[in-house]
Amino acid sequence: MSFMQETVTVDSLNSVQQQAVALATTDDNLNLIQILMKGGWIMIPIIFLLFLALVIFFERYITIRKASRSDSNLMAQIKSNVLSGRLDAAIAVCRSSNSALSRMLQKGLSRVGRPIKDIEGAIENAGKLEVSKLEKNINILGIVAGIAPMLGFVGTIFGVILIFRDVEVAGGIDIGAVSGGLYVKMIASASGLTVGILAYIGYHVLNMMVERLILRMETDAVEFIDLLDEPGA
């Protein structure tokens, strides 16, 4: 009798072990997309926010990099033409460069002959316009960084509510069902946090790039004003 009980016990343990292995194998076979979709309907807006953040980041990154192209000969050519009195040639140099800095300096060159304050004002206004173009849509990344984690938490909370509702309907607690449900619902929180972190990093990277470009534009603008203020310019 004892032998039969031991055999039944061993068979039961083997059965449980096989079920656990089968469950683990099933989870391992799930790809990333399938795992994400287990997070529920809330994953749709989270994935949309990820796509939106990536599109904005790469579009702005490429735009800012193009605007930041450093033309070491630009100021030298403008200085040479201004000192020689060839303003049309200096404006042509700015047009051929077609960068944020060159467009800003072109506004200043078009005001040469007027008081320095007028030239400074024209350059400053052109600079503000260029900066506003560069910063376009960057704030959306900040919004995504705030919204995505909250959406993830909302999805998890709704999932937990449904789990405990099912527990109440069943009239008892099934640890396997509860733990499995929580594992699925935590995917939403993890996804929301990941998207939020990526958007937060992208937001600050782009702002740092814009700030460096603004500093360089301001430095070159001051050099340009000093050039026009030189005796004989």
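Residues numbered from 1 in each chain as written. Predicted model: local features only at pLDDT ≥ 70, side-chain atom pairs only at ≥ 80, totals over all residues. Heavy atoms only, no water.

**Q** For this particular structure, what's the right way to read helix 7 (residues 116-134)?
**A** An α-helical turn contains 3.6 residues, so a residue and the one three or four places further along point in the same direction. If you check helix 7, its first and last C-alpha atoms are 27 Å apart, about what 19 residues at 1.5 Å a residue would give, namely 27 Å. Considered for burial, the residues of helix 7 that qualify are I119, A122, I123, A126, G127, E130, V131 and L134. For helix 7, the buried positions fall inside an angular range of 165° around the axis, keeping them on one side. Counted as exposed and oriented over 90 degrees from the buried face of helix 7: K117, N125 and K128. (Helix = DSSP H or I, 4+ residues; strand = E, 2+ residues; numbered from the N terminus. Expected span 1.5 Å × (residues − 1). Buried < 20%, exposed > 50% of the residue type's maximum accessible area, 1.4 Å probe, protein only. Arc of directions from axis to C-beta.)

**Q** Where do I start with the nonpolar core in this structure?
**A** For soluble globular proteins, the rule of thumb is that nonpolar side chains tend to be buried together. Counting 45 residues, the largest nonpolar core has I78 and F224 as the members making the most contacts within it. Looking at which element gives the most residues to this core, the answer is helix 9 (residues 175-229), with 13 residues. Once residues within four sequence positions are removed from consideration, I78 is found in contact with A90, V93, C94, L105 and F224. (Core = buried A, V, L, I, M, F, W, Y, C linked by side-chain atoms within 4.5 Å. Contact = heavy atoms within 4.5 Å.)

**Q** Mind showing me how you'd approach unusual backbone geometry here?
**A** Of all residues except glycine, most have a negative phi; of all peptide bonds, most are trans. Residue N137 is not a glycine yet carries a positive backbone phi of 70°. In this structure N137 comes out as partly exposed when scored by relative accessible area, which is 34%.

**Q** I'm lost on helix 5 (residues 87-97) in this one. Help?
**A** What helix 5 keeps buried is the set A90, I91, V93, C94 and S97. Summarising the axial view, the buried residues of helix 5 lie within an arc of 155°, below the 170-degree limit, and thus occupy one face. Turned more than 90 degrees from where helix 5 packs its buried face, D88, R95 and S96 sit exposed.

**Q** Please explain the pattern of salt bridges as it appears in this structure.
**A** It is possible for side chains bearing opposite charge to pair when their charged atoms get close. Under the criterion given, the structure shown has 4 salt bridges. Between K117 and E120 there is a salt bridge, and its shortest N-O distance comes to 4.0 Å. Of the two residues, K117 and E120 are both situated in helix 7; the distance of 3 residues between them amounts to about one turn of the helix. Here K117 falls in the exposed class, since its relative accessible area comes to 67%. The partner of K128 in a salt bridge is E124, and the shortest N-O contact between them spans 3.6 Å. Residue K128 and its partner E124 are located together in helix 7, separated by 4 residues, close to a single helical turn. Among the residues examined, K128 registers a relative accessible area of 52% and is labelled exposed. (Salt bridge = Lys/Arg side-chain N within 4 Å of Asp/Glu carboxyl O.)

**Q** Please clarify how the environment of G121 should be interpreted in this entry.
**A** Among the structural elements, G121 can be located in helix 7. Using a relative accessible area of 21% as the deciding quantity, one classes G121 as partly exposed. For the pair G121 and K107, spaced 14 residues apart in the sequence, the C-alpha separation amounts to 9.7 Å.

**Q** I keep staring at the environment of V154 and nothing clicks. Help me out?
**A** Note that V154 resides in helix 8 (residues 138-170). Residue classification places V154 among the partly exposed positions, given a relative accessible area of 33%. A sequence separation of 31 residues divides V154 from K185, and the C-alpha atoms of the two residues are 9.9 Å apart.

**Q** Would you mind showing me how to read the packing of aromatic side chains here?
**A** The geometry of an aromatic ring pair is captured by the separation of the ring centres together with the interplanar angle, meaning the angle of the planes. For the structure on display, the rule yields 2 aromatic pairs. Summarising the aromatic geometry, the rings of F57 and F58 are spaced 5.4 Å apart at their centres and angled 75° between planes, so their arrangement reads as edge-to-face. Ring plane angle 25° and centroid distance 5.9 Å describe the contact between F57 and Y61, whose orientation is recorded as stacked. One end of the pair, F57, and the other, Y61, are both in helix 3 (residues 43-67), 4 residues apart, so they sit about a helical turn from each other. Put simply, the rings of F57, F58 and Y61 touch in pairs and so form one group of aromatic residues. (Phe/Tyr/Trp six-rings, centres within 6.5 Å; stacked < 30°, edge-to-face > 60°.)

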